[in-house]
Amino acid sequence: MTEALLDVQDLKKYFPIRRGVLQRVVGQVRAVDGITFSVMPGETLGVVGESGCGKSTMARTILRLLEPTSGKVEFEGKNVVGLSKNEMRAMRREMQIVFQDPYASLNPRYTIGKTLLEPMEIHHLHTASARKQRVADLLDRVGLDPDYTNRFAHEFSGGQRQRIGIARALTVNPKLLILDEPVAALDVSVQSQVLNLLKDLQDDLDLTYIFVAHDLSVVRYISDRVLVLYLGHMAELADADEVFADPLHPYTRALLSAVPVTDPDQKRERIILKGDLPSPANPPAGCPFHTRCPAAMEICSKQVPAWQEAKPGHLVACHLYQ
Amino acid sequence: MLSYIVRRLGGALVVLFGISVVTFILAYAVPSDPARMIAGPKASMATVLAIRHQLGLDRPLYVQYGAYIWRLLHLNLGMSYVYNLPVTTLIGQRFLPTATLALSAWIAELVIGIPLGIYTARRARKLSDYIVSILALIGISLLIPWLGIVLLYWLGFKIPIFPLGGAGGISHLILPALTYGITGAAAYTRLLKSSMLEVLKQDYVRTARAKGATESRVINRHVLRNALIPVITYGGIDIGYLLGGVVLLEVTFNWNGLGILAYNAISESDIPVIMGTVLLTALLVVLFNLLVDIVYVFVDPRIRYG
Amino acid sequence: MSVQNASAAIGGASKSQKKSRGALFWKSVRKFPMVYVGGLIVFLLVICAVFAPVLALHNPITQYQNGLHMDGTPVGPSKFFPFGADDVGRDVYSRLIYGSRVSLIVGFVATAISLLIGTTLGLISGYFGGFIDTVIMRITDTILAFPFLLFALALVTILGSSLTNVLIAIGILGWGVMARVVRGQVLSVKEFEYVQAARALGASTPRILFRVILPNILGPIIVLATLAVSQNILVEAGLSFLGVGVQPPTPSWGNMIYAGVQDYQFAPWLMVYPGVALLLAVLGFNLLGDGLRDILDPRNATH
Ligand SMILES: Nc1ncnc2c1ncn2[C@@H]1O[C@H](COP(=O)(O)OP(=O)(O)OP(=O)(O)O)[C@@H](O)[C@H]1O
Ligand code: SF4
Ligand SMILES: [Mg+2]
């Protein structure tokens, strides 16, 4: 078996809640609460879950844009968490991120040329003339006219901006791209164009993706494996086809039932979840999903279900399968 | 809420500490010979030596600072070299005249600024709004002594309606207050205008209008009450600054208050007096800021304090 | 599909978005014409200060005998002295022209000092937050607690009266408001994803502060600075009026007004002209700053 490119172990990110005169810490928002997975070179891991389940926090913690509360993030066997400033700067060439909001993710004061040049300046890559050439190549690569270098972000449409965001992430030749809902803000017609671009880029540049989304059909289209998160916890992890064909976790089933089906014969019953998403500041005891789970049993509110293989290569955290 | 107030008090204490450090540095650490500075240029060497010993200027700075705080806590601001009286006594004598002047100046700002604010908000983007706004801008662009003298020239000298400066009854207060009002009103006008325009957009105003309330009723009942909140806040902070802000006014109108005291102290390098007035006015600013913040908690229901 | 076709299919920048930022800015300027007036006044002021030797008719500190009547009172406006002469026979017009230098130097240099301190502290305070933020903000509160003019007066008295000390005093007292405003701006801008993207790309903290965040909050800073210039010109005049600013015979509008006060009953030109010059200069910066504020206010945005 090949070595994993990225190995995340028991990653946690808690945000302190401060109150009172001395701003003492009175509680924690457990945005990411013990996540373990690995990503193989060249694969795409889809990460899904409702809004607020900690997807973005997870992405940012892996990149150390947020300091993890605990856990390990190993990139090619090297733990990212303890790295010094300089080591971290070097590491940033390996892992990059594309953000969800095409409007907030580009600096409005920069031209596109500057947006793409800056990362090369930071890492002292290439000579000045080679940098210019590379900017043109990158724009071409993501399907934009290389003559656009002197324009500002506001002159572009959402889809074009997202392409620029992708080009910016590629400037430093990363191996891993974390895509945090890269198409969620785009029109459906533009979504597929950007998704196709991402697929092409992956093939051509041997990229590895962590693809975050709350839209399951998008995830199915692009992912090799899918990780389902609920309230900062892992619910299910399996090959994409397997997750869609045979979802095991009741939460995954509920999510899937909400996806419109193209084939009318393949009718599925819509599962409506009762209640609201609990607050990650005050998560339920036992299985985090038990307050809304249609299949909840007595044990569910008392004991945390173990993370284990229910079928070969199909992991799930649910008492139904223990 | 209680925790917010306690935190706010704590912040104020820190600022008071900061003020004491700054005034200490200015009076004792910056001058090369503070004793000479404090005694004034005309003092004899014996006086300087006495002061040096009395203030312990040969001891380390932190010891001196401790002694300084100790004196402050005993309301001892030192002796004025010029008057040979305790600074607290001098300040005590002048406090009331200055407070009277400051209060009149403040009232004049409100009396001029608030009606203009209402007027410009109701006529927003009309010609009259522009004219009033520019007049208000001219107001803040005027140098207080200059405007004061011009007013004195016309309303005291050419057409002798008001006295030519000095202290006395209400008539002595009118010209200085008017001067300050003209230069300070624009801040109130602008603030009230923008906050009224903001409130006018709110839903409950539309509801009131839809219910058929007359325009002036809408303005009086609904808009003004809400729009005045930021104005009150600003007003409270403004009055805190006013005691120190009327120096030019006092000098122009020969109003014998704290400002003149400080002004006269400058030519004599009477440092204890200057630092005493600076300290007092800064204390008042902190006090009024604190009061405004605490009152705000009760007035403004929109903000929750964790 | 070739790359060219692909980009054509995605479409160039849409028409409505084609206007550059600059064009939008000038379009808004037309909505606030007073900015022009302010800008013009400021421009003329700078011309005055730079070309003072050319524009002045006489040496500003020479005392002319024909500037005084036989009884020693100054002569009024005439061909030789367009704005009259002062109490020792100097040409008021030429002094006025040279006086613009003091006002502008104080206005610009003191503001630059405040800007440097205030922007740096505001950036640090807003970006790092936590304990550093608390400390910086308490220091800011402390500085803001001192009434400006009185404190400047005390400072100049202790440091000694000179143009340099006036600059320093006004400069180091004026940064409080700037630090607060900049901090507030940083708090909102730092959450934008392009700041996170810069971090993810390995940008150093100084680069993020000064190259990524600062250009994006320049608008409010420029407005603040413009208004600070007007305020600082007034404070300088106030200090000069109180006798602790620029020392005579060097002309400044403040000390000219002060000198004119004694004689205002029989030689009103002594204080009228410098007063009007001061008013125009301060008004110019106020109009400019106010107008820029309106233009940059997103509620007034032209789209
Ligand atoms: N800086 C922060 N301080 C406190 N709580 C935070 C912070 N950032 C995120 N959270 C909380 O952490 C939880 C997870 O947020 P996160 O943004 O990671 O969710 P998400 O899955 O990306 O949601 P979305 O689909 O809306 O992007 C939320 O409850 C959020 O309120
Ligand atoms: S463990 Fe229980 S509550 Fe949790 S998903 Fe499984 S059945 Fe539902
Ligand atoms: Mg997110």
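Residues numbered from 1 in each chain as written. Chains lettered and ligands numbered in written order. Predicted model: local features only at pLDDT ≥ 70, side-chain atom pairs only at ≥ 80, totals over all residues. Heavy atoms only, no water.

A. Spotlight on the overall build of chain C. The helix and strand inventory of chain C stands at 14 helices and zero strands. Here chain C, with 303 residues, has 56% of them falling under the buried criterion. Here the analysis covers contacts within chain C between residues at least 6 apart in sequence; of these, 72% occur between residues at least 24 apart. Accessible surface, chain C: about 12600 Å² in total, of which carbon and sulfur atoms supply 67%. (Helix = DSSP H or I, 4+ residues; strand = E, 2+ residues; numbered from the N terminus. Buried < 20%, exposed > 50% of the residue type's maximum accessible area, 1.4 Å probe, protein only. Contact = heavy atoms within 4.5 Å. Areas by Shrake-Rupley, 256 points an atom, 1.4 Å probe, with all protein chains shown as cover.)

B. Inspection of helix 9 (residues 250-257) of chain A at higher detail. Residues and elements named next belong to chain A. For helix 9, the buried fraction is high: seven of the eight residues fall into the buried class. For helix 9, the set of buried residues is Pro-250, Tyr-251, Thr-252, Ala-254, Leu-255, Leu-256 and Ser-257. For helix 9, the elements touching its buried residues are helix 7 (216-222), strand 9 (225-230), strand 10 (233-239) and helix 8 (240-245).

C. Region of the structure containing the site of ligand 2. Within the structure, ligand 2 sits among His-249, Pro-250, Cys-287, Phe-289, His-290, Cys-293, Ala-295, Cys-300, Pro-305, Cys-318, His-319 and Leu-320 of chain A. Its residues assigned to classes, the shell around ligand 2 shows nine nonpolar, three polar and no charged. (Near = heavy atom within 4 Å. Nonpolar A, V, L, I, M, F, W, Y, C, P; charged D, E, K, R; others polar.)

D. Up close: the UniProt feature "transmembrane region" (unreviewed entry) in chain C. The UniProt record marks residues 34-57, 104-128, 148-175, 217-246 and 266-289 of chain C with the feature "transmembrane region" (unreviewed entry), using the residue numbering of this structure. A helix fraction of 86% and a strand fraction of 0% characterise residues 148-175 of chain C, whose end C-alpha atoms lie 11 Å from each other. (UniProt positions renumbered as here; feature names shortened; annotations may be inferred.)

E. Highlighting the interface of chain B and chain C. Contact residues are listed per partner, giving 49 residues for chain B and 44 residues for chain C. For the pair chain B and chain C, the two sides together bury roughly 4000 Å², of which 79% comes from carbon and sulfur. Interface area lost by chain B to chain C is led by Ser-141, Leu-143 and Trp-146 of chain B, which between them contribute 15%. Counting the contacts that link chain B with chain C gives one salt bridge. Its salt-bridge partner being Asp-290 of chain C, residue Arg-190 of chain B comes within 2.5 Å of it at the nearest N-O pair. Viewed at the interface, chain C and chain B are joined by four residue pairs in polar contact (both at pLDDT 80 or more). Of all the elements in the fold, those that place two or more residues in the side of chain B that touches chain C are helix 1 (2-29), helix 6 (127-140), helix 7 (144-158), helix 8 (170-200), helix 10 (215-245), helix 11 (247-253), helix 12 (258-267) and helix 13 (271-299) of chain B. Broken down by element, the side of chain B that touches chain C gets its largest block of residues, nine residues, from helix 13 of chain B. Tallied by class, the residues present in the side of chain B that touches chain C amount to 37 nonpolar, eight polar and four charged. (Buried area = accessible area lost by both parts, 1.4 Å probe. Salt bridge = Lys/Arg side-chain N within 4 Å of Asp/Glu carboxyl O. Polar contact = N/O pair within 3.5 Å; in protein donor to acceptor, adjacent residues only side chain to side chain.)

F. Region of interest: helix 13 (residues 253-261) of chain C. For helix 13 of chain C, the tally of buried residues reaches seven of nine residues, placing the bulk of the element in the interior. Turning to helix 13 of chain C, its buried residues number three or more, namely Trp-253, Gly-254, Asn-255, Met-256, Ile-257, Gly-260 and Val-261 of chain C. If you follow the buried residues of helix 13 of chain C, they end up packed against helix 7 of chain B together with helix 3 (34-50), helix 5 (92-128), helix 12 (218-241) and helix 14 (269-296) of chain C.

G. Just the nonpolar core, in detail. Core analysis: the largest hydrophobic core is formed by 121 residues, its most contacted members being Leu-239, Leu-242 and Leu-278 of chain C. Looking at this core element by element, the count peaks at 12 residues for helix 14 of chain C. Contact partners of Leu-278 of chain C, with chain neighbours within four places excluded, come to Leu-143 of chain B together with Ile-233, Leu-234, Ala-237, Trp-253 and Ile-257 of chain C. (Core = buried A, V, L, I, M, F, W, Y, C linked by side-chain atoms within 4.5 Å.)

H. Seen up close, the site of ligand 1. All names here are of chain A. Near ligand 1 there are 13 residues, and of these Ser-51, Gly-52, Lys-55, Ser-56 and Thr-57 occur at the shortest range. At 2.5 Å from an oxygen atom of ligand 1 is found a side-chain nitrogen or oxygen belonging to Ser-51. A distance of 3.1 Å is found between an oxygen atom of ligand 1 and a side-chain nitrogen or oxygen belonging to Glu-181. Protein contact buries 61% of the 630 Å² of open area that ligand 1 shows by itself. When residues in the shell around ligand 1 are grouped by element, the largest group, three residues, is from helix 1 (residues 55-62).

I. Spotlight on the side chain of Asn-107 of chain A. The residue Asn-107 of chain A is located in the loop between strand 6 (95-98) and helix 3 (112-122) in this model. On the accessibility criterion, Asn-107 of chain A (4% relative accessible area) is buried. Within polar-contact distance, the side chain of Asn-107 of chain A engages the side chain of Asn-216 of chain C at 2.8 Å. The residues contacting Asn-107 of chain A, other than those within four sequence positions of it, are Tyr-194, Val-212 and Asn-216 of chain C.

J. Main features of the sheet that holds strand 1 (residues 6-19) of chain A. Residues and elements named next belong to chain A. Read from one edge of the open sheet, four strands run 2-1-4-5, paired in antiparallel fashion. In this open sheet, the two edge strands, each paired with only one partner strand, are strand 2 (24-39) and strand 5 (78-79). As paired strands, strand 1 and strand 4 (residues 70-75) are joined by five bridges and run antiparallel to one another. By the bridge assignment, Gln-9 is partnered in strand 4 with Lys-72. Helix-sheet contacts for helix 1 involve strand 1, strand 2 and strand 4, and the interaxial angle to strand 1 is about 115 degrees. (Pairing = 2+ DSSP bridges. Axes fitted to C-alpha atoms, helices over the stretch in contact; angles between N-to-C directions.)

K. Structural context of the pattern of salt bridges. Residue and element names in this part refer to chain A. Under the criterion given, the structure shown has 25 salt bridges over all chains. We note a salt bridge from Arg-292 to Glu-50, for which the minimum N-O separation is 3.2 Å. Linking Arg-292 in the loop between helix 9 and strand 11 (307-311) with Glu-50 in the loop between strand 3 (44-48) and helix 1, this pair joins segments that are 242 residues apart in sequence. By relative accessible area, which is 22% here, Glu-50 ends up partly exposed. Lys-72 is the partner of Glu-74 in a salt bridge, and the nearest nitrogen-oxygen pair spans 3.7 Å.

L. Examining the layout of surface pockets more closely. Counted as a void, the second largest pocket has a volume near 750 Å³. Residue lining of the second largest pocket: 24 residues in total, with Arg-64 and Leu-65 of chain A together with Tyr-127, Gln-196 and Arg-199 of chain C positioned closest to the centre. Of all the secondary-structure elements, those providing two or more residues to the lining of the second largest pocket are strand 1 and helix 2 (85-91) of chain A together with helix 5, helix 10 (193-200) and helix 11 (205-213) of chain C. A per-class count over the lining of the second largest pocket returns 10 nonpolar, four polar and 10 charged. (1 Å grid on protein atoms, 1.4 Å probe; cavity = no way out; pocket = protein on both sides within 12 Å on 5 of 7 lines; lining within 4 Å. Points joined across faces, edges and corners; volume = space filled by probe spheres on them.)

M. Inspection of the sheet that holds strand 7 (residues 176-180) of chain A at higher detail. All names here are of chain A. In spatial order, the strands read 6-7-8-3-9-10-12-11; together these eight strands make up an open sheet with mixed pairing. Of all strands in the sheet, those with a lone pairing partner are strand 6 and strand 11, marking the two edges. On average, each strand axis in the sheet is tilted by 20 degrees relative to the strand beside it, whichever way the strands run. Where strand 9 and strand 10 come together, six bridges link them in antiparallel fashion. Bridge pairing in strand 10 links Val-228 to Glu-236. Most of the contacts of helix 1 go to strand 8 (residues 208-213), to which it runs at about 150 degrees, and overall it touches strand 3, strand 6, strand 7, strand 8 and strand 9. In the packing of helix 6 (residues 188-205) onto the sheet, the strands contacted are strand 3, strand 7 and strand 8, and the crossing angle to strand 8 comes to about 160 degrees.

N. Representation of a nonpolar patch on the surface in the model. The grouping of Leu-127, Tyr-130, Ile-131 and Leu-135 of chain B at the surface amounts to a nonpolar patch, some 410 Å² of accessible area in total. When you line up the elements, Leu-127 of chain B lands in helix 6. (Patch = residues over 30% accessible without salt bridge, like charges linked within 9 Å, V, L, I, M, F, W, Y side chains within 5 Å.)

O. The arrangement of the environment of Ala-31 of chain A in detail. All names here are of chain A. Take Ala-31: it is sitting in strand 2. C-alpha of Ala-31 to C-alpha of Leu-231: the two residues are 200 residues apart in sequence and 7.0 Å apart in space. Filtering out sequence-adjacent residues up to four positions away, Ala-31 remains in contact with Lys-13, Phe-15, Cys-53, Gly-54, Thr-57 and Gly-232.

P. Fine view of the packing of helix 7 (residues 148-159) of chain C against helix 8 (residues 163-173) of chain C. Residues and elements named next belong to chain C. At a minimum axis separation of 9 Å, helix 7 and helix 8 run at an interaxial angle of 140 degrees. Considered as vectors, helix 7 and helix 8 are oriented oblique to each other. Regarding helix 7 and helix 8, the two cross each other, and that crossing is right-handed. For the pair helix 7 and helix 8, contact is made by Phe-148, Phe-151, Ala-152, Leu-155, Val-156 and Leu-159 and by Asn-165, Val-166, Ala-169, Ile-170, Ile-172 and Leu-173, respectively. Of the residues that constitute the contact of helix 7 with helix 8, the class distribution is 11 nonpolar, one polar and no charged. (Parallel < 35°, antiparallel > 145°, perpendicular 65-115°, else oblique. Left-handed = near helix turned anticlockwise from the far one by under 90°.)

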